[in-house]
Amino acid sequence: MWQTLGPLRLPEWEKRILARWKAENTFQRSVSRRKGRPSYIFYEGPPSANGKPGIHHVFARTLKDLVCRYQTMRGFYVPRRAGWDTHGLPVELSVEKELGLTKADIGTKISIADYNAACRAAVMRYKSVWDELTERMGYWVELENPYITFEPAYIESVWWLLKAFYEKGLLYKDYTIQPYSPAAGTALSQHELNLPGAYRSVRDPSITVQFRSEEEPDLYFLAWTTTPWTLPSNAALAVGAEFVYVEVETFQPYTRTPVRVILAEAALARYFPAEGESLPLTPEAIDLRTGRLPYRIRERLLGQKLVGRRYEPLFRYVEPPTEAWRIIAADFVSLEEGTGIVHIAPTFGADDLKAARKEKIPPIGLYDEKGHFLSPLVDKEGKFVPQVTDFAGRYVKNYTDDPNYKSVDEDISQHLRARGLLFRKETYEHNYPHCWRTDKPVLYYPVEAWFIRTSALRDRLVALNRTIAWYPPAIGEGRFGNWLENVEDWNLSRSRFWGIPLPIWRTPDGRYTRCIGSFAELREAIEEARRAGLMDRNPLGNPDFDPHRPYVDEIILVAPDGSPMYREPDVIDVWFDSGAMPYAQQHYPFTVRGNPPPNFPADFIAEGVDQTRGWFYTLHVIAAALFDSVAYKRVLVNGLVLDKDGNKMSKRLGNVVDPFALMERYGADATRWYLVSNAPPWENVRFDEKRLAEKVRTFFGILHNTYEFFALYAGIDGYVPRPLPEPSTLALIDRWLLSETEKLTAEVEAAYEGYFPTQAARAIETFVTEKLSTWYVRLNRRRFWKGEKDADKWAAFAVLHHTLVRLAQLMAPIAPFYAELLWEHLGQEGSVHESDFPQADPTRRDEALEEAMDKVRRLASLLHSLRKQSGVRVRQPLAQALVPASYRLWLEPLAELLLTEVNLKTLTYLDDHSEAVVYELRPNYRTLGPQLGSRLPELARFLRTLSQMEIVQVLQRGSLTWEGETLPVGEALEVRAQALPGWLYASEGGLAVALDTRITPELEQEGWARELIHHIQLARKEAGLAVTDRIHLTLHLPEPYFSALQSFSRVIAEETLAETLHWSPTPLQTSPIPFLDTETLQISIEKAYEHA
RNA sequence: GGGCCUGUAGCUCAGGUGGUUAGAGCGCAACACUGAUAAUGUUGAGGUCCGUGGUUCGAGUCCACGCAGGCCCA
């Protein structure tokens, strides 16, 4: 029943296990077996099947999988449902590229219906590759019935959520400043600005202008701008509240009239070369070519003092509905450039709009009679509206490729100069984004958008986040927490096509708005519209109705006053789709109901750190806003997978790792194990295939060899599994291994419970290589192959078997395949993944034994090191090792193990006061530090001056008196045995041992015997004998070995399985073998007939 | 520009609350073992703990300022 499997072949075995899992429905069984038990809720963050999966997906999914497998083994019911994220810009861009389209072509060259159909087809393109990866890597998730974000039921749930936001007053429409291309007539996404070549170096006029104080007509505030065309839209000036400003008496450089100006002190030197202060304060001192201006500083004041002061606008083409044109404080004001006073045009800058809103400054533009903002002073084609009389109809940049284009910026500068309001004009070279399609500079332009008022939820978001367990905590507190504390409203609108349409209908005048929360509601609303004659049919009557564009766009609803309502044309941010997943995946609240919703919140999610402001955030916002709850109680964050040099993997660099090839070469388990054990999940992993291969050798190889060892001898001896004997009846080494196994179990359990699988994997590795293979198996080999089938032998089998079974369970979450293989071949029932995760049994622990064995291993290492120094080979027995008498208590029971391991006859315990020991006294820094403080180094120096005699006296007295302090030995002073003169001596970490390297004739002869046995074993092997074959042995050796070794005949025969041993005085036919470097010997081996 | 993370041996990483001479694995070298053998084991070499200041009797560890790399956001 015990089967050796030969050298490690993980990929091959994994495929067999996969087939077995499939045939036996192991995954489904492992889940359903726990039905009725408490649930452990896991949310799968939906990937997009629009691209192929990479190695980083294997990383994230390994973490998800291992936690779910562990919790299942713990007895929780852990259903896992796959999902697909299907909407969004990446899909659209890939389709645009394939079809050779631009955004402007959609709805013109191609219908929205055809375009969206192409998106729908493209988005699942690699689904089968993903499914294959999922299966091959052993990621257990229900693939049969995934949630898909483009399905109508999913969309209906999202609509319901949006309506809930709407009804709470958390969904509103407002302007946002977006990059906009007047030449293309379209808004640009951040992505389009990030395209290579979008940012170009351009030369713009940069002018410093004077805003005249309303209170003091000869006082001006100096502000600097590189976009003079926005000056007619100026609404405010911003200063830094903490910055120092100065009021300067000087001259208008062009009109040469005396003026006073205010600017930041830090900007002074940029405008007033220092020499100006000593020039006479007369117009004659002005030199425009060198920029020389006479000036005098009249006053210094903080920015704060300027806040609230009012000024006259440069232009007054329109009147704002409320008060504008005053000084405000803003935190983005910089002293690096300009005057430290920033011109604010809320219609053309995102920061400007934000600051203006905060200070209740109205944007400058056109308003209707009710005070509703209609449009900015520049229209969507990029030219001034007629109200800007001086420049009406002029393009603010050359958007039409007009060869006679005259710069508006220039003209505005001239205009201001003529009015004595231009203080300086320069040219400024900087990087500015351009539209990738038209090559024209973008405009930052107000665009209408729908927002979620997340800022109103800020406190609740922060408070709820504090209840989430973040692994690691720093991301929850720092990256995520800081972000929440400064959260701004969430712009939900995307002017795209392939996404969940906003379910909002509106009259063109904006008087009536209606948000739809379900298909039934929409159907009813359409019926109303039909009765009003606005619709002639009800598309919701069709069971296959597709709630995407363009079909929803065709629906017209009726307002209470009978006027038509049209759908707001945007689709929503795709992040809302995935954030809605806890509800929409179960078609809440239509198919399932309740508050809180069922299967909510999640106990656990895990994704990459790049999701902090993605999925982690949108899940959190929706749950907090609508259910006043967290969406997940725990989140394990994983880092990136970089290449071996720490570079990000990208197709461009060609350093992308193909996960399939990897698993084909090394196996999924090896890949998973490597990713988990290499570094904590939240650190970036530098992926190095060489190290993965190493992991196969150094962990799986050793573990597998241990299994092979067991299977080989269990097979030979026909071992029948039996219960573990009572620990008290077992050999110490067995009890030690059992104790270590329980210790490991506790460690691994704690690591999994702490969501730190790296620690679990590392603990298992250490146990397998150092405790199990290097120590237990190596020291006990003889017990497995010795002749008698006695209780000791069966105990060894039982202990090793027990340990391997336990290992299979402990490693199952991380390496599900090999764990299953072990489980199966160790004769266990069912699947290891259906088993209950083992509970550590403290009664089997013996910590004193663990510690003692640890010291024995270190002593063995020291003795090996000494043997090496002495040049005496291990085969040569030595008489004794010397250790301090204090070791006796823990060492004596284990002495036999140590003696065998290093081939010694006896241990001699030295009296602590023996003259063979030399002592050293050292301060115990930890205890004496607080007591003595700065006197400590002095004490250390003093202790070094003590003679051996004085130290022995201190030891006998038990304490040392120094400068009035009584310092007890042990507590305050550490004793260290420093040397054993005359012996080969070694010490490390407080352990000391000496080796007696004198070889007596008896020992020498025994060494010869060992040497001889060694050669006979080699000869056996050369003869191709099996390890159990019996032989007839004939030997011929020269003297003195011939005589001396005959007394070892019995041992030699036993060790070599010789039925007969003949010492031949005459040479044999076989070829001579070098013996002990100088002589030769001859060995003749004949296989003995097997007796029945 | 802001927030966060990381920096320890050639490589990958450990190093609670500050405490004696900073550790492990791999790789490398030498050796041993030869009944785990396409294995196994032992030993050894290898360090400016990113830098500079500071706090302290004492700093890889705490503080400040930098440098380098990374992620997210402007």
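The structure we're discussing is the one just above.
Residues numbered from 1 in each chain as written. Chains lettered and ligands numbered in written order. Predicted model: local features only at pLDDT ≥ 70, side-chain atom pairs only at ≥ 80, totals over all residues. Heavy atoms only, no water.

## A few points about the pairing of strand β37 (residues 1031–1036)
Among the six residues that make up β37, five are buried, leaving the element largely enclosed by the rest of the structure. Sheet topology places β37 next to strand β38 (residues 1058–1063); five bridges connect them, and they run parallel. Within β38, the position partnered with Leu1035 by the bridge is Trp1063. Two strands pair when backbone bridges link them, and β37 and strand β40 (residues 1079–1087) are joined in this way by six bridges, in the antiparallel orientation. In the strand pairing of β40, His1036 is matched with Gln1082. (Buried < 20%, exposed > 50% of the residue type's maximum accessible area, 1.4 Å probe, protein only. Helix = DSSP H or I, 4+ residues; strand = E, 2+ residues; numbered from the N terminus. Pairing = 2+ DSSP bridges.)

## Considerations on the sheet that holds strand β22 (residues 557–558)
The strands making up a sheet associate through hydrogen bonds between their backbones, and the pairing can be parallel or antiparallel. In space, the four strands of this open sheet follow the order β21-β20-β23-β22, with antiparallel pairing throughout. Single-partner strands in this sheet number two, and they are β21 (513–515) and β22.

## Digging into the pattern of salt bridges
Under the defined criterion, the tally for this structure stands at 80 salt bridges. For Glu381, the salt bridge is made with Lys383, and the minimal N-O distance between the two is 3.2 Å. In the salt-bridge network here, residues are joined through shared partners; they are Lys163, Glu167, Arg514, Glu521 and Glu528. (Salt bridge = Lys/Arg side-chain N within 4 Å of Asp/Glu carboxyl O.)

## Let's talk about the protein's contact with RNA strand B
The immediate surroundings of RNA strand B are formed by 54 residues, with Arg479, Asn678, Glu694, Ser861 and Glu974 found nearest. In the interface set of RNA strand B, defined as its atoms within 4 Å of the protein, sugar plus phosphate atoms amount to 62%. Between RNA strand B and Arg697, the relevant distance is 2.8 Å, taken from a phosphate oxygen to a side-chain nitrogen or oxygen of the residue. Side-chain polar atom of Asn705 to a sugar or linking oxygen of RNA strand B: 3.1 Å apart, as the coordinates give it. Broken down by class, the residue content of the surface near RNA strand B amounts to 18 nonpolar, 17 polar and 19 charged. (Near = heavy atom within 4 Å. Polar contact = N/O pair within 3.5 Å; in protein donor to acceptor, adjacent residues only side chain to side chain. Nonpolar A, V, L, I, M, F, W, Y, C, P; charged D, E, K, R; others polar.)

## Here's the deal with the sheet that holds strand β4 (residues 186–187)
Read across the sheet, four strands follow the order β4-β3-β16-β18 without closing on themselves; strand pairing throughout is antiparallel. Two strands bound the open sheet, and with one partner strand each, they are β4 and β18 (490–491). Bridge analysis of strand β3 (residues 171–181) against strand β16 (residues 443–452) gives ten bridges, and the strand direction is antiparallel. Across the sheet, residue Thr176 finds its bridge partner in β16, namely Val447.

## Some words on the packing of helix α26 (residues 847–870) against helix α28 (residues 895–902)
One can describe the packing of α26 onto α28 by two numbers: an axis separation of 10 Å at closest approach and a directional angle of 25°. Viewed along their axes, α26 and α28 adopt a mutual orientation that is roughly parallel. Helix-helix and strand crossings are classified by hand; for α26 and α28 the assignment is right-handed. Here Met853, Val856, Leu859, Ala860, Leu863, His864 and Arg867 of α26 come into contact with α28, specifically with Leu897, Leu898, Glu901 and Val902. Here the residues of the contact of α26 with α28 are counted per class, giving eight nonpolar, one polar and two charged. (Axes fitted to C-alpha atoms, helices over the stretch in contact; angles between N-to-C directions. Parallel < 35°, antiparallel > 145°, perpendicular 65-115°, else oblique. Left-handed = near helix turned anticlockwise from the far one by under 90°. Contact = heavy atoms within 4.5 Å.)

## Thoughts on the nonpolar core
Counting residues in each nonpolar core, the largest one holds 134 residues, and the members touching the most others are Phe687, Ile764, Met811, Tyr818 and Leu891. When residues in this core are grouped by element, the largest group, 13 residues, is from helix α24 (residues 791–811). Beyond its immediate chain neighbours, meaning those up to four positions away, Met811 contacts Trp673, Phe699, Phe700, Leu703, Tyr752, Ile764, Tyr818, Ala819 and Leu822. In terms of nonpolar packing, the next biggest core, distinct from the first, is built from 75 residues, Tyr43, Leu162, Leu464 and Val552 among them. (Core = buried A, V, L, I, M, F, W, Y, C linked by side-chain atoms within 4.5 Å.)

## Thoughts on the side chain of Thr339
Along the chain, Thr339 turns up in the loop between β11 (326–329) and β12 (341–344). A polar contact is formed between the side chain of Thr339 and the backbone nitrogen of Ile341, at a distance of 3.1 Å. Setting aside residues up to four positions removed in sequence, Thr339 forms contacts with Thr208, Leu222, Ala223, Trp224, Tyr245, Leu263, Ala264, Ala267 and Tyr271.

## Side note on helix α5 (residues 112–123)
In an α-helix, one full turn covers 3.6 residues, which means residues spaced three or four apart are oriented alike. Taking 1.5 Å per residue, twelve residues should reach 16 Å; α5 reaches 16 Å between its end C-alpha atoms and fits that length. Residues Ile112, Tyr115, Asn116, Cys119, Ala122 and Val123 constitute the buried set of α5. On an axial view of α5, the arc spanned by its buried residues comes to 120°, and they lie on one face. (Expected span 1.5 Å × (residues − 1). Arc of directions from axis to C-beta.)

## With respect to the packing of aromatic side chains
Using the criterion set out here, one finds 63 aromatic pairs in the structure. Where Trp2 meets Phe710, the ring centres are 5.1 Å apart and the plane angle is 80°; that geometry is what we call edge-to-face. Remark: Phe710 occurs in helix α21 (residues 689–717) and Trp2 occurs in the segment before α1 (10–24); sequence separation between them is 708 residues. In terms of burial, Trp2 and Phe710 fall into one category: buried. An aromatic cluster is built from Trp2, Phe709, Phe710, Tyr713, Tyr719, Phe784, Trp794 and Phe797, whose rings are joined through pairwise contacts. Here the guanidinium or amino end of Arg69 rests over the ring plane of Trp140, the centre of that ring lying 3.8 Å away. Against the face of Trp775 rests Arg857, its NZ or CZ located 5.7 Å from the ring centre. (Phe/Tyr/Trp six-rings, centres within 6.5 Å; stacked < 30°, edge-to-face > 60°. Lys NZ or Arg CZ within 6 Å of the ring centre and 35° of its normal.)

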